[in-house]
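Structural overview for review
Residues per chain, in single letters:
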There are 2 protein chains.
Amino acid sequence: MRFDLPSDKIPTAWFNALAHLPEPMDPPLHPGTREPVGPDDLSPLFPMALIEQEMSPAPWVDVPGEVIDILKLWRPTPLVRAERLEQELGTPARIYYKDESVSPAGSHKPNTAVPQAFYNKAEGITRLTTETGAGQWGTSLAFATAQYGIECKVYMVRTSFDSKPYRRILMETWGAECVPSPVADPSSPGSLGMAISDAVADAAGRADSHYALGSVLNHVLLHQTVIGLEAKEQLALAGEGLPSVVIGACGGGSNLGGIAFPFMNDAGVRLLAVEPTSCPTLTEGSYGYDFGDTAGLTPLMPMYTLGADFMPPEIHAGGLRYHGDSPIVSALVKAGRMEAVACPQSKVFEAATLFARTEGKLPAPETGHAIRAAIDEALAAKETGEEKVILFNYSGHGFLDLSAYDAYNQGNLIDE
Amino acid sequence: MRFDLPSDKIPTAWFNALAHLPEPMDPPLHPGTREPVGPDDLSPLFPMALIEQEMSPAPWVDVPGEVIDILKLWRPTPLVRAERLEQELGTPARIYYKDESVSPAGSHKPNTAVPQAFYNKAEGITRLTTETGAGQWGTSLAFATAQYGIECKVYMVRTSFDSKPYRRILMETWGAECVPSPVADPSSPGSLGMAISDAVADAAGRADSHYALGSVLNHVLLHQTVIGLEAKEQLALAGEGLPSVVIGACGGGSNLGGIAFPFMNDAGVRLLAVEPTSCPTLTEGSYGYDFGDTAGLTPLMPMYTLGADFMPPEIHAGGLRYHGDSPIVSALVKAGRMEAVACPQSKVFEAATLFARTEGKLPAPETGHAIRAAIDEALAAKETGEEKVILFNYSGHGFLDLSAYDAYNQGNLIDE
């Protein structure tokens, strides 16, 4: 059963979690001076509108009409009650998922790629650079820049560039340029940290260019709150009050923040982050200042971290392989407002397969983490008989991750 | 701009084009006796409910509630006005597309896979066999059988099985068994005709098994009419009257028939079939009785055909490589009620890429044919200044066809 909102119900303001935190956030620090970073430090890479959003104390931030014009190509996204999954589990819980897989790029990422492209264009920038690992973020920025007629250059981690051509082709179809990173060393397999360095150096060196990031930063998570804001209205359409628990997979934190932040002020609503056991930032990391990248070029951010030099194993949920986490997500976990659990990938694929066989759709491996936790919550409700309402973010589809399912189907999936 | 129908607006009856044809259809003939085929000839392979639908004179056929329960996992599908494409073309035409790519398998095929699985289960069948080329139909039947808890065995053309593993993995994730065909000769690359033979022989030899077909037959096209029935209601929601032209790509005819048949009685609505120039069944074939398969095992059907031994070149729109066509589509073309055009694949990919860059979504190569014709209609309207309303079937997404886009992007696409 699907609950749709009409096109004119796309949220017209983003929910700014930063302004609703129990305690003010510690500022990011300059990597050289260790002094708080100011707008001038960021202006070579980002437009002023995004820098302001990064630090904004406003509880709500208006969504420009020109952004809504593009978001409405796929938004509002469906809220779906997973009745066949509920029946299969025999749970009294009601399970709802917000389907972000219907975007052109197949994930929630375009929700922020579009406003980032818009604000850059509005400030005269004609070219954006970024890095991408498996390609989810790169494809989303390629889509968004195509809509505004600006150029896009994506530095893709070389191992992914060589072994997983599909998202590179998708970027090129939308008109972006995609090159393997590190550019300077064709013999290196590359890493996300190296690709960040390439993309930042490129943007910093050209007056027509800025840099764009797909997760972690405050303004990125701000843009993703359309997910939770729509879901709240759709739950009301479905005749529900507030959910008992809101669940999202967590790598850098953007799909989780997107669905969970709009519920942070609602007492009694549990917020749950799900991460891979192989990269357990929130469940086993420590809280403190750390670099966003491996090379130590980015500002130091206050967050849970496994250490900037932590190298997670090669799990299939590439989007969750990050040593740190969004500072806002980290602050909520530290304050006890958000919970976190970790799941091994074999249990994730078991859950994703059960979802595919009951609800039909094939989830991305990242999304499988949220499904695993939603199923575990539903099974716990079966034990207690509680009629709880579970909401999770179906952050993306798995059509470009089928080799991971093949490994699982063939019994070749390894838990690290 | 999207026009959604709520879940309770899924059509409760299919439109039976067979009962609305200007002249009665000639019957299929037995391949051995050349006498009209009767229900007894078909009962080893199909359930009685489908055999009745194949020959039904009823103008409407009820959709069982158990079928709607599964269809509502993704139906009603969106009707979208392609405003950004219109702007790019500078056309006064209004272009709408019906988005069938949102189904679990990513195309319109599950619309018939679901009722076929249902009727077979209702008559005690516990196992279905079928053939598949690139895998669109095999994945759809794998999805549908998973929903009803019956077994599924798919014979996949060996060249596709070896070179395109993704849809095989998808079938296995839904629990189906997928094997390369021909089973008896591992050195053969296989063909759709050989795979049909394997699947039919398997089903004919087991009392628990039937066979399922994904296009061409009357009952298959009947099931697809939910597409056009919903679109008609959604055009009204959008404030439109009847469309000027309804467009669908045509291989066996099922996505075309699905969107076009419900408009066949509406005077002034043009119906347009789009086929590849490399397999020009309707535009260059001849009308008469021919076999559905290359081996001459199926009944002879009255249709446009290039000859059962015609071997189309290896274009990327694998779903349109068929020597024949649906008898109902053929009858409408023969009667002058439906038009047909043929497009070379370079022009198809040009159109598909323009669509991706303006509307965001990546179309399947088959769907690209409908987009090409829709764009040509819109450009013609620009010449004449006519404010026509164009409706086309966005039959599937291209996430599993990215290598075809790579060939186009790199300038390596050949027109046969």
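Remember, it's a predicted structure, so these values are computed and weren't measured experimentally.

Procedures and definitions
- Residues numbered from 1 in each chain as written.
- Chains lettered and ligands numbered in written order.
- Predicted model: local features only at pLDDT ≥ 70, side-chain atom pairs only at ≥ 80, totals over all residues.
- Heavy atoms only, no water.
- Helix = DSSP H or I, 4+ residues; strand = E, 2+ residues; numbered from the N terminus.
- Rg over C-alpha atoms; globule rule 2.2 N^0.38 Å.
- Contact = heavy atoms within 4.5 Å.
- Lys, Arg positive; Asp, Glu negative; His and termini not counted.
- Charge placed at Lys NZ, Arg CZ, Asp CG, Glu CD.
- Pairing = 2+ DSSP bridges.
- Axes fitted to C-alpha atoms, helices over the stretch in contact; angles between N-to-C directions.
- Core = buried A, V, L, I, M, F, W, Y, C linked by side-chain atoms within 4.5 Å.
- Buried < 20%, exposed > 50% of the residue type's maximum accessible area, 1.4 Å probe, protein only.
- Salt bridge = Lys/Arg side-chain N within 4 Å of Asp/Glu carboxyl O.
- Right-handed = clockwise from strand over helix to strand, strands pointing away.
- Buried area = accessible area lost by both parts, 1.4 Å probe.
- Nonpolar A, V, L, I, M, F, W, Y, C, P; charged D, E, K, R; others polar.
- Expected span 1.5 Å × (residues − 1).
- Least-squares fit on C-alpha atoms with pLDDT ≥ 70 in both.
- Phe/Tyr/Trp six-rings, centres within 6.5 Å; stacked < 30°, edge-to-face > 60°.
- Parallel < 35°, antiparallel > 145°, perpendicular 65-115°, else oblique.
- Left-handed = near helix turned anticlockwise from the far one by under 90°.

**Observations regarding the overall build of chain A**
When its secondary structure is counted, chain A shows 17 helices and 15 strands. The C-alpha atoms of chain A give 20 Å as radius of gyration, which agrees with the globular expectation for 416 residues (22 Å, within 12%). Once the C-alpha set of chain A is aligned to its principal axes, its extents read approximately 60 × 50 × 40 Å. Here the analysis covers contacts within chain A between residues at least 6 apart in sequence; of these, 76% occur between residues at least 24 apart. Looking at charge distribution, chain A has the averaged site of its 29 positive side-chain charges lying 5 Å from that of its 51 negative ones.

**Quick word on the sheet that holds strand 11 (residues 270–276) of chain A**
All names here are of chain A. Overall, mixed pairing links the seven strands, which are arranged 1-4-5-15-10-11-14 in an open sheet. The sheet is open, and its two edges are formed by strand 1 (2–3) and strand 14 (338–343), each paired on a single side. The strands that helix 16 (residues 365–384) touches are strand 5 (94–99), strand 10 (245–249), strand 11, strand 14 and strand 15 (389–394); relative to strand 15, the one it contacts most, it runs at about 170°.

**Overview of the nonpolar core**
If you look at the biggest cluster of nonpolar residues, it comprises 209 residues, and the most contacted ones within it are F261(A), M338(A), F261(B) and M338(B). For M338(A), the residues in contact, after removing those within four places along its chain, are L256(A), A260(A), F261(A), L271(A), L272(A), A273(A), V329(A), L332(A) and V333(A).

**Re the sheet that holds strand 7 (residues 151–157) of chain B**
Residue and element names in this part refer to chain B. Strand order in the open sheet formed by four strands is 8-7-6-9, with parallel pairing between adjacent strands. The two strands at the open ends of the sheet, each matched to only one other strand, are strand 8 (177–181) and strand 9 (209–211). When the angles between neighbouring strand axes are averaged without regard to direction, this sheet yields 25°. The pairing of strand 6 (residues 127–132) with strand 7 spans six bridges and is classified as parallel. Paired with E131 across the bridge in strand 7 is Y155. Contacting strand 6, strand 7, strand 8 and strand 9, helix 9 (residues 192–204) runs over the sheet at an angle of about 170° to strand 6.

**Comments concerning the pattern of salt bridges**
Residue and element names in this part refer to chain A. Evaluated as defined, the whole model comprises 44 salt bridges over all chains. Between E230 and K98 there is a salt bridge whose closest N-O contact spans 2.7 Å. Linking E230 in helix 11 (residues 226–237) with K98 in strand 5, this pair joins segments that are 132 residues apart in sequence. Overlapping salt bridges bring together R75, K98, E100 and E230 as one network.

**Observations regarding the pairing of strand 11 (residues 270–276) of chain B**
Residues and elements named next belong to chain B. Counting buried residues along strand 11, six of its seven residues qualify, which places the element largely inside the surrounding structure. Across five bridges, strand 10 (residues 245–249) lies against strand 11 in parallel orientation. If you follow G248 over to strand 11, its bridge partner there is A273. On the question of chirality, the crossover connecting strand 10 to the parallel strand 11 by way of helix 12 (residues 254–260) is right-handed. With six bridges joining them, strand 11 and strand 14 (residues 338–343) adopt parallel strand pairing. Residue pairing across strands places P276 opposite C343, the latter belonging to strand 14.

**Concerning the interface of chain A and chain B**
Taken together, the contact pairs 42 residues of chain A with 42 residues of chain B. Between chain A and chain B lies a buried interface of about 3,900 Å² when both sides are counted; carbon and sulfur atoms form 54% of it. Area buried by chain A at its contact with chain B is led by R2(A), T173(A) and F399(A), which between them contribute 17% of it. Across the salt bridge formed by R168(B) and D406(A), the nearest N and O atoms sit 2.9 Å from each other. Elements represented by at least two residues in the side of chain A that touches chain B include exactly helix 4 (83–89), helix 6 (136–148), helix 8 (165–173), helix 15 (345–359) and helix 17 (402–409) of chain A. In terms of residue class, the side of chain A that touches chain B is made up of 19 nonpolar, eleven polar and twelve charged.

**Notes on helix 5 (residues 110–122) of chain B**
Residues and elements named next belong to chain B. When the terminal C-alpha atoms of helix 5 are compared, their 18 Å separation across 13 residues agrees well with the 18 Å that a helix rising 1.5 Å per residue should span. Judged by how many residues are buried, helix 5 sits mostly within the fold: eleven of 13 residues are covered. Listing the buried residues of helix 5 in full gives P110, N111, T112, A113, V114, P115, Q116, A117, F118, Y119 and N120. Directly beyond the C-terminal end of helix 5, a positive phi value near 85° is found at G124.

**Notes on the relation of the copies chain A and chain B**
Rotating chain A by 180° and moving it 0.0 Å along the rotation axis overlays it on chain B with an RMSD of 0.0 Å. Such a combination of rotation and displacement between the chain copies is what one expects of a two-fold axis. When C-alpha distances to the rotation axis are compared across chain A, the minimum falls at F399(A), with a value of 3.3 Å. Both copies contact each other with a shared surface, as 100% of the interface residues of chain A are interface residues in chain B too.

**Looking at the packing of aromatic side chains**
Each pair of aromatic rings is reported with the distance of its centres and the angle of its planes. Applying the stated criterion to the full structure yields 31 aromatic pairs over all chains. Taking the centre distance of 6.2 Å and the plane angle of 75° together, the rings of F355(A) and F392(A) count as edge-to-face. Taken together, the positions of F355(A) in helix 15 and F392(A) in strand 15 put the pair 37 residues apart, joining distant regions of the chain. Look at F392(A) and you get buried, because its relative accessible area is 0%. Geometrically, the ring pair formed by F15(B) and W60(B) is edge-to-face, given 5.4 Å between the ring centres and 80° between the ring planes. Residue F15(B) is located in strand 2 (residues 13–15), and its partner W60(B) is located in strand 3 (residues 60–62); the two are separated by 45 residues in the primary sequence. Through pairs of rings, three or more aromatic residues link up here, namely Y97(A), F355(A), F392(A) and Y394(A).

**Quick word on helix 17 of chain A**
Every buried residue of helix 17 of chain A is accounted for by L402(A), A404(A), Y405(A), D406(A) and A407(A). Buried residues belonging to helix 17 of chain A abut helix 15 and helix 16 of chain A together with helix 8 (165–173) of chain B. Two residues or fewer after helix 17 of chain A comes G411(A), characterised by a positive phi angle close to 75°.

**Observations regarding the packing of helix 17 of chain A against helix 8 of chain B**
Two elements in contact, helix 17 of chain A and helix 8 of chain B, have axes separated by 9 Å at closest approach and are oriented at 50°. With respect to helix 8 of chain B, the element helix 17 of chain A is oriented oblique. As for the relative orientation of helix 17 of chain A and helix 8 of chain B, their crossing is left-handed in sense. Counted together, L402(A), S403(A), Y405(A), D406(A) and N409(A) of helix 17 of chain A and Y166(B), R168(B), I169(B), L170(B), E172(B) and T173(B) of helix 8 of chain B form the full contact between these two elements. Residue composition of the contact of helix 17 of chain A with helix 8 of chain B, by class: five nonpolar, three polar and three charged.

**Comments concerning the environment of E23(B)**
All names here are of chain B. Mapped onto the elements of the fold, E23 is located in the loop between strand 2 and helix 1 (39–42). When its relative accessible area of 61% is taken as the criterion, E23 is described as exposed. Separated by 309 residues in the primary sequence, E23 and L332 place their C-alpha atoms 9.7 Å from one another.

Nothing here speaks to function; it is geometry throughout.
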